[in-house]
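# Residue-level structural notes
Here are the chains, one letter per residue:
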Amino acid sequence: MTTPKIIHTVSELRAAIADWRGGGARIGLVPTMGALHDGHLSLIQAIGKYADRIVVSIFVNPAQFAPHEDFDSYPRNLDGDCAKLAGTDAGIVFAPTVREMYPDGFATRLLVGGPAEGLESDHRPHFFGGVATIVSKLLIAAMPDAAMFGEKDYQQLLVIRRMVTDLALPIAIPGGAIMREADGLAMSSRNAYLSQSERAIAGQLNVVLKTAIARLKAGDAIGAVEAQARDALLKAGFANVDYVAVRDAQTLAKIDDLSKPARILAAAKVGTTRLIDNMAV
Ligand code: PAF
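Residues numbered from 1 in each chain as written. Predicted model: local features only at pLDDT ≥ 70, side-chain atom pairs only at ≥ 80, totals over all residues. Heavy atoms only, no water.

## Points about the site of the ligand
For the ligand, the full set of nearby residues is P31, T32, M33, N61, Q64, V131, I134, F149 and Q156. A distance of 2.7 Å separates an oxygen atom of the ligand from a polar side-chain atom of Q64. In isolation the ligand has 290 Å² of accessible area, and contact with the protein removes 87% of it. Contributions of two or more residues to the shell around the ligand are made by β2 (27–32) and α6 (127–142). Residue classes in the shell around the ligand are distributed as 5 nonpolar, 4 polar and no charged. (Near = heavy atom within 4 Å. Polar contact = N/O pair within 3.5 Å; in protein donor to acceptor, adjacent residues only side chain to side chain. Areas by Shrake-Rupley, 256 points an atom, 1.4 Å probe, with all protein chains shown as cover. Helix = DSSP H or I, 4+ residues; strand = E, 2+ residues; numbered from the N terminus. Nonpolar A, V, L, I, M, F, W, Y, C, P; charged D, E, K, R; others polar.)

## Notes on the layout of surface pockets
Size it by volume and the second largest pocket reaches roughly 220 Å³. Lining the second largest pocket are 15 residues, with I58, F59, V60, R76 and P96 positioned closest to its centre. (1 Å grid on protein atoms, 1.4 Å probe; cavity = no way out; pocket = protein on both sides within 12 Å on 5 of 7 lines; lining within 4 Å. Points joined across faces, edges and corners; volume = space filled by probe spheres on them.)

## Comments concerning the environment of K137
Secondary-structure assignment places K137 in helix α6. Using a relative accessible area of 25% as the deciding quantity, one classes K137 as partly exposed. Residues K137 and G175, 38 residues apart in the sequence, show an inter-C-alpha distance of 19 Å. Setting aside residues no more than four positions away along its own chain, K137 makes contact with M101, P103 and F106. (Buried < 20%, exposed > 50% of the residue type's maximum accessible area, 1.4 Å probe, protein only. Contact = heavy atoms within 4.5 Å.)

## Things to note about the packing of helix α1 (residues 10–22) against α6
Where α1 contacts α6, the two axes come as close as 8 Å, and the packing angle between them is 45 degrees. By the angle class used here, α1 and α6 are oblique. Touching V10, L13, R14 and I17 of α1 are I140, A141 and A142, all from α6. The residue makeup of the contact of α1 with α6, split by class, is 6 nonpolar, no polar and 1 charged. (Axes fitted to C-alpha atoms, helices over the stretch in contact; angles between N-to-C directions. Parallel < 35°, antiparallel > 145°, perpendicular 65-115°, else oblique.)

## Topic: the pattern of salt bridges
Counted under the stated rule, the structure contains 12 salt bridges. A salt bridge links E69 to R124; its shortest N-O distance comes to 2.8 Å. Of this pair, E69 sits in the loop between β3 (53–58) and α3 (78–85) while R124 sits in the loop between α5 (120–123) and α6; the two residues are 55 residues apart in sequence, bridging distant segments of the chain. Here R274 makes a salt bridge to D242, at a shortest N to O gap of 2.7 Å. Here R274, found in strand β10 (residues 273–280), pairs with D242, found in strand β8 (residues 240–248); they are 32 residues apart in sequence, far enough to count as distant. Here the two residues R274 and D242 agree in accessibility, since each one is buried. A single network of salt bridges, built from pairs that share partners, joins E120, D242 and R274. (Salt bridge = Lys/Arg side-chain N within 4 Å of Asp/Glu carboxyl O.)

## Quick word on the sheet that holds β3
Overall, parallel pairing links the 5 strands, which are arranged β1-β4-β3-β2-β5 in an open sheet. Each edge of the open sheet is held by one strand with a lone partner, namely β1 (5–7) and β5 (146–147). The pairing of β1 with strand β4 (residues 90–94) spans 3 bridges and is parallel. Looking at the pairing, I7 lines up with F94 of β4. Sheet strands in contact with α1 are β1, β2, β3 and β4, and its direction is about 160 degrees off that of β4. Along the sheet face, helix α2 (residues 38–46) touches β2, β3 and β4 and points at about 165 degrees away from the line of β2. (Pairing = 2+ DSSP bridges.)

## Things to note about the pairing of β3
Where burial is concerned, most of β3 is hidden: 5 out of the 6 residues are buried. As defined by bridge partners, β2 adjoins β3 across 6 bridges and the pair is classed as parallel. Residue T32 lies in a different strand from β3, and its bridge partner there is I58. Note: β3 against β4, 4 bridges, orientation parallel. By the bridge assignment for β4, S57 is matched with F94. Since β3 and β4 lie parallel, the crossover through α3 that links them has a hand, and here it is right-handed. (Right-handed = clockwise from strand over helix to strand, strands pointing away.)

## Notes on α2
The α-helix advances 3.6 residues per turn, and as a result positions three or four apart in sequence lie on the same side. For α2, the set of buried residues is G39, H40, S42, L43 and I44. On its buried face, α2 sits against β2, β3, α3, β4, β6 (149–150) and β7 (175–176).

## Quick notes on unusual backbone geometry
The backbone phi angle of M143 is positive, close to 40 degrees, even though this residue is not glycine. Relative to the helices and strands, M143 is located in the loop between α6 and β5. On the basis of relative accessible area, M143 is assigned to the partly exposed category, the value being 33%. Here the phi dihedral of A168 falls at roughly 55 degrees; this positive angle occurs in a residue that is not glycine. Along the polypeptide, A168 turns up in the loop between α7 (154–166) and β7.

Here is the structure:
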């Protein structure tokens, strides 16, 4: 356990990592947008298998929010986050300013396809381009041996793996298991937006997905199960359902049967809060 050093610039980050590397350490990076919860802390613990020294980045990335989304209200609490990290193996907190990551005149944005197509992109078309742009910048700045992302954002994890392969970055991208509250709600910084009554509804998302998986395993058709799950979410009180989809677990391509590993993914709104979840089928 260490008290992490807080670094705000790419040049200081590179110098600190060069120092670690000089001592022969393997470097791990856990990119976050802060508002840290136990899900993030589990990623920091899990990356210990791949790295001797750990950097946690905290940066609310404007490029992945559309103008109508919650960039301004996204919870920010660097002091609170650093206090939580003091009990972990994170050695550096990299907390750059927006200007550090996107200096005046910044004009580059990654275009991602493959697993980025459909699902989230149908509802947040700006999202994966913004994620890929910032994650590539963070990876190039830190050049870690491994960077860890949560399976909660399963499509994001596949998009980043594809990007790292396509850019030939020599960085392992392990996925961290989803951490859940007692009622099964996937941990997320956005859960803080939920009122008490919305929180009760939110707890139904994982229940509906588990029921859908049981139906698939009992032999029900994929299309019928997706439609039933969507109805169940609306009945449970979700305001609208962006998707419930059973997809190929590796590519997120549409599938007709369960002959290959599959994943069920969902996005739905409770009040104005959009929640996502997914599970292996
Ligand atoms: O999953 C997140 O918190 C963000 O999308 C990430 C990967 C830190 C990029 O801003």
